[in-house]
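# Remarks on the overall topology
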Amino acid sequence: MSSSIENLKTFDPFADASKSEEGSGQDSLIHIRIQQRNGRKTLTTVQGISEDYDKKKIVKAFKKEFACNGTVVEHPEYGEVIQLQGDQRNKVCDLLVTWKLATAGNLKVHGF
């Protein structure tokens, strides 16, 4: 009789993001996360957009489209990460697919 408890194994939700780049361009995943700030404030981060695109122009378009503030932050492990104020996960997904920067299969949305 084997008594192994399966649900006590540790699960790292960011393990797939910490791997090295799977591919380039449209083959790699774009991770869209939400982070809780203080109180009700949230921050949406977009990571994994190809280096072929100018992220500052993408942020400028996001800011105009969503009426929120945003910036590009240099992360030591993940490279350039886009940060937007508020919960913009679904809007970012829709806009990236509309602009054909990514397919729906390449987008991975994290968060509560």
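A few points on the structure.

Conventions adopted
- Residues numbered from 1 in each chain as written.
- Predicted model: local features only at pLDDT ≥ 70, side-chain atom pairs only at ≥ 80, totals over all residues.
- Heavy atoms only, no water.
- Helix = DSSP H or I, 4+ residues; strand = E, 2+ residues; numbered from the N terminus.
- Buried < 20%, exposed > 50% of the residue type's maximum accessible area, 1.4 Å probe, protein only.
- Contact = heavy atoms within 4.5 Å.
- Areas by Shrake-Rupley, 256 points an atom, 1.4 Å probe, with all protein chains shown as cover.
- 1 Å grid on protein atoms, 1.4 Å probe; cavity = no way out; pocket = protein on both sides within 12 Å on 5 of 7 lines; lining within 4 Å.
- Points joined across faces, edges and corners; volume = space filled by probe spheres on them.
- Nonpolar A, V, L, I, M, F, W, Y, C, P; charged D, E, K, R; others polar.
- Salt bridge = Lys/Arg side-chain N within 4 Å of Asp/Glu carboxyl O.
- Patch = residues over 30% accessible without salt bridge, like charges linked within 9 Å, V, L, I, M, F, W, Y side chains within 5 Å.
- Lys, Arg positive; Asp, Glu negative; His and termini not counted.
- Charge placed at Lys NZ, Arg CZ, Asp CG, Glu CD.
- Polar contact = N/O pair within 3.5 Å; in protein donor to acceptor, adjacent residues only side chain to side chain.
- Phe/Tyr/Trp six-rings, centres within 6.5 Å; stacked < 30°, edge-to-face > 60°.

## Here's the deal with the overall build of the protein
Of the regular secondary structure elements, the protein holds three helices and five strands. Beginning at the N terminus, the succession of helices and strands in the protein can be written as α-β-β-α-β-β-α-β. In the protein, which comprises 112 residues, the share counted as buried stands at 35%. Taking the intrachain contacts of the protein between residues at least 6 apart in sequence as the baseline, contacts between residues at least 24 apart amount to 50%. Total accessible area on the protein is roughly 7800 Å²; 50% of this is exposed by carbon and sulfur atoms.

## A word on the layout of surface pockets
Looking at the second largest pocket, its volume works out to about 190 Å³. For the lining of the second largest pocket, the elements supplying multiple residues, two or more each, are β1 (30-36), β2 (42-47), β3 (70-75) and β4 (79-85). Along the lines of polarity and charge, the residues of the lining of the second largest pocket split into four nonpolar, five polar and one charged.

## Quick word on the pattern of salt bridges
Throughout the structure, instances matching the rule amount to three salt bridges. We note a salt bridge from Lys55 to Glu51, for which the minimum N-O separation is 3.7 Å. Take Lys55: its relative accessible area is 3%, and that puts it in the buried class. A relative accessible area of 61% means that Glu51 is categorised as exposed. Between Lys55 and Glu80 there is a salt bridge, and its shortest N-O distance comes to 3.7 Å. Taken together, the positions of Lys55 in helix α2 (residues 55-66) and Glu80 in strand β4 put the pair 25 residues apart, joining distant regions of the chain. Each of Glu51, Lys55 and Glu80 takes part in one network of salt bridges that share partners.

## Observations concerning a positive patch on the surface
A cluster of basic side chains, namely Lys57, Lys60, Lys63 and Lys64, defines a positive patch on the protein surface. Relative to the helices and strands, Lys57 resides in helix α2.

## Considerations on the side chain of Gln88
For Gln88, the location among the structural elements is in the loop between β4 and α3 (89-98). Engagement of the side chain of Gln88 in a polar contact is seen with the backbone oxygen of Gln85, the distance being 3.0 Å. Those residues in contact with Gln88 that lie beyond four places of it in its chain are Thr44, Phe66 and Cys68.

## Notes on the packing of aromatic side chains
According to the stated counting rule, one finds two aromatic pairs in the structure shown. Their ring planes at 15 degrees and their centres at 5.4 Å tell us that Phe62 and Phe66 sit as a pair that is stacked. Here the residue Phe62 and the residue Phe66 both occupy positions in helix α2, the gap between them amounting to four residues, near one helical turn. Of the two residues, Phe62 and Phe66, neither departs from the other in class, the shared state being buried. Taking 5.7 Å as the distance between ring centres and 10 degrees as the angle between the ring planes, the aromatic pair formed by Phe62 and Trp99 counts as stacked. Taken together, the positions of Phe62 in helix α2 and Trp99 in the loop between α3 and β5 (107-109) put the pair 37 residues apart, joining distant regions of the chain.

By themselves, these are just geometric observations and shouldn't be taken as functional.
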